[in-house]
Amino acid sequence: MKRFVGMWLVIGAVLVGLVGLFAAFYALAALAAKGAVALGFPGFFGSSIVNAVTLMAVTLMTLAALLTVAERKWSAAMQDRIGANRILVLGKFPLGGVPYLLADALKMLTKESIYPAARSKFLFELAPVLAFSPTFALFAVIPVGPEIRAMGQTVGMWVANPDAGLLWIFALAGLSVYGTTLAGWASNSRVGMLGAVRASAQMISYEVSLGLSLVGVMIAYRTVNLQAMAIAQGADVLGPVPALGILLQPLGFLVFFTSSFAETKRAPFDLPEGESEIVGYFLEYSGMKFGLLFLAEFVEVVILAAVTAAVFLGGWHPVFFEGWMKANLDPLLFGAICAAAFLAKVILLTWLQLIIRWLLPRFRYDQIQGLCWKLLLPGALVNVFVTGAAVLVDPSLQVLAWIGVAEIVAIFGITLAVSKPQAAHGDAHGHAAHAAGH
Amino acid sequence: MPYQIDNRPADTRESLYFPEIFRAIGLVVKTFWRNAFFSRDGNTDILERNRVRNRVTTLQYPEEKAPYPAGYRGLHRLVPRPDGSPRCVACYMCATACPAQCIYIEAAEVEGDPIEKYPAKFVIDELRCVVCGFCVEACPKDAIRMDTGEHPAPTYTREGQIYDEKRLLRGPPVSYEKDPWLVRPSKLTDAAQKANRAAARPFGTLGTDEYSQTPGFSVRELAAEAKARGEVGK
Ligand code: SF4
Ligand code: SF4
């Protein structure tokens, strides 16, 4: 019971901490905007620069780094284990395994860097950077919080707000395949090359369904700007229910989540690095270069969660009690709560990804391609047409929302409708099929 | 719990992948919830653990040790007499019986006693020992036992696994009705008896290298002595 209460206290403390953190970030951004205005620049120059530091360097990197700890502790909890707890701070407190982060960093930084003799010198150095930077830059367009007025300035919680938000995401997600492929190619190792080839084939396939799955969202919200999309998700559509992406586009959500999961190259889509067969495209990397490739993967996980949260889970809308909070709270606090809600969604989605990562065994290669081309791509295409038709019929999105509800109910129904496995019958069937095969 | 997987082909619902995955996600979430939010039963007997809420089966080894079954053959000990000196009479039966030949004994005569011997050196190389228990069976005096319930503590050097009589002599003393020292008093002075008892280490609970190291025990010295006697290299 003590632990039960303790865990809820921890969760509460994390949420409150996030609100406080983002209040500070908003205040910093507002200060910077003020400074920029004083220097004669537009205000968003200052706030964007500050946000680049607070969001990308602090929030994103901390999340990605903490994910290495979560990978240990959460997966342990999923597998009936305890997980890393041998580093004791002051000889007593395991602190949930967080000190392992420092140990990891120390290990990565102090390890010897081994260079394969036959490497392609320039590309070998370039590959980790190419793998890391596009994924990292993806976060720039994620709207973490709403636009608010604080200290006489209008500040938003994003680094950049280009009109082509989603297209930027497609472009950079497509670029990140270069890092992977070059890493395998430049290390001049057969196994690394195998991993690289697998990675490129897999990522290019899933790029298609990834793009198509978001077309439905673009049609529904009539924009590719992520901030506009987040705002549009706050509008009520079915009575008091807001037009969340997951409500309007459940199929799109599924396809997008799966394809972007495949893009992160983590289990069950971890063929490029399948540790048990080929060690993967980063086989020849050691020390911090390996660390960078490794970290790029964790950053990808966070980014994927962030994009999903922004496009499908209502972005920074806290959804519950939002109207009341907007009316009664200080704009700074409201903005901070919104941003904290966004980050909570991101954390929840990374958690979901970890669950899936530990749930499913690695796909076979033909299964991966089959899943993409036979299930996800047709699904995405159908989704595009249905969405287009629904929006054409009823631009107020009501019809689309009802279709979404029907889809969710159908998915639930199919999931819960477990046919009681009739062992004898199934066996006979199997044998018959077997005999027919001979 | 092991269960049978029937080898039927997947039906339409299953080959849609997703419904089954959703169900499985539910399972994992349940497991996560149980293990993360409820505390673990730390019972060292894992089968006895209450795993209704938290299902973790991990045994945190150095802090929690699984109870050994009765009759477990643990680390040897030389059984002391009530006065703290070993029961062993240096008869070499155990060394003879030992299939691994890992017991080394040097006998010495008890001063002022025309009959009785004692082991001036009694060394067991635990790395060579095959834990067969023959030595215990062979001993006519019940002077060597494997009832400590410990395994030899891990050490950083091979020498650390060589146990001499100072490290072996430990645990509660054992006496029988006919034991001669119950009839005639111990030849040791009171001070010597006291020192003996103080030197005998209790049964350990935490096996660590430092703990099991007897002060003053040096394998190098033993080796040097053996060399001086010309026993090395035979
Ligand atoms: S247990 Fe067996 S191998 Fe070990 S010392 Fe005794 S007789 Fe020798
Ligand atoms: S331990 Fe027992 S068998 Fe071995 S020498 Fe001593 S008395 Fe003899």
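Everything below is about the structure printed above this text.
As a starting point, this report considers the structure included with it. Keep in mind that this is a model prediction, so the values were computed, not measured.

Let's talk about the overall build of chain A
Then comes step 1: Across its full length, chain A holds 15 helices and 4 strands.
Then comes step 2: At 23 Å, chain A has a C-alpha radius of gyration in line with the 22 Å of a compact globule built from 438 residues.
Then comes step 3: For chain A, the spread of C-alpha atoms along the three principal axes comes to 80 × 60 × 50 Å.
Then comes step 4: Relative to its 438 residues, chain A shows a buried fraction of 52%.

Structural notes on the side chain of B:Glu116
Residues and elements named next belong to chain B.
Then comes step 1: When you line up the elements, Glu-116 lands in the loop between β2 (103–109) and β3 (117–125).
Then comes step 2: Overall, Glu-116 belongs to the buried group, its relative accessible area being 16%.
Then comes step 3: Looking at Glu-116, its side chain comes within polar contact range of the side chain of Arg-81, at 2.6 Å.
Then comes step 4: Aside from chain neighbours lying at most four places away, what touches Glu-116 is Arg-81, Glu-109, Val-110 and Arg-184.

Description of the packing of aromatic side chains
Two aromatic rings, taken as a pair, are described by how far apart their centres are and by the angle between their planes.
Residues and elements named next belong to chain A.
Then comes step 1: The full count for this structure, using the stated rule, is 28 aromatic pairs over all chains.
Then comes step 2: On the numbers, 5.8 Å between centres and 10° between planes, the contact of Phe-41 with Phe-45 is stacked.
Then comes step 3: Exposure remark for Phe-41: the relative accessible area of 46% places this residue in the partly exposed category.
Then comes step 4: With a centroid separation of 6.2 Å and 70° between ring planes, the pair formed by Phe-257 and Phe-261 is classed as edge-to-face. Placement of the pair is Phe-257 and Phe-261 together in helix α9 (residues 250–263), with a separation of 4 residues, close to one helical turn.

A look at the pattern of salt bridges
Then comes step 1: Tallied over the entire structure, the rule returns 13 salt bridges over all chains.
Then comes step 2: Among the salt bridges present, the one from B:Arg81 reaches B:Glu116, with a minimum N-O distance of 2.6 Å. Residue B:Arg81 is found in the loop between β1 (77–78) and α2 (93–97), and its partner B:Glu116 is found in the loop between β2 and β3; the two are separated by 35 residues along the sequence.
Then comes step 3: Each of A:Glu71, A:Arg266 and A:Arg357 takes part in one network of salt bridges that share partners.

Observations regarding the pairing of strand β1 (residues 145–150) of chain A
Residues and elements named next belong to chain A.
Then comes step 1: Pairing between β1 and strand β2 (residues 153–157): 4 bridges, direction antiparallel. Paired with Arg-149 across the bridge in β2 is Thr-154.
Then comes step 2: Hairpin geometry of β1 and β2 is characterised by an intervening segment of 2 residues between the two adjacent antiparallel strands and by a positive phi of about 50° at Met-151.

Calculation criteria
- Residues numbered from 1 in each chain as written.
- Chains lettered and ligands numbered in written order.
- Predicted model: local features only at pLDDT ≥ 70, side-chain atom pairs only at ≥ 80, totals over all residues.
- Heavy atoms only, no water.
- Helix = DSSP H or I, 4+ residues; strand = E, 2+ residues; numbered from the N terminus.
- Rg over C-alpha atoms; globule rule 2.2 N^0.38 Å.
- Buried < 20%, exposed > 50% of the residue type's maximum accessible area, 1.4 Å probe, protein only.
- Polar contact = N/O pair within 3.5 Å; in protein donor to acceptor, adjacent residues only side chain to side chain.
- Contact = heavy atoms within 4.5 Å.
- Phe/Tyr/Trp six-rings, centres within 6.5 Å; stacked < 30°, edge-to-face > 60°.
- Salt bridge = Lys/Arg side-chain N within 4 Å of Asp/Glu carboxyl O.
- Pairing = 2+ DSSP bridges.

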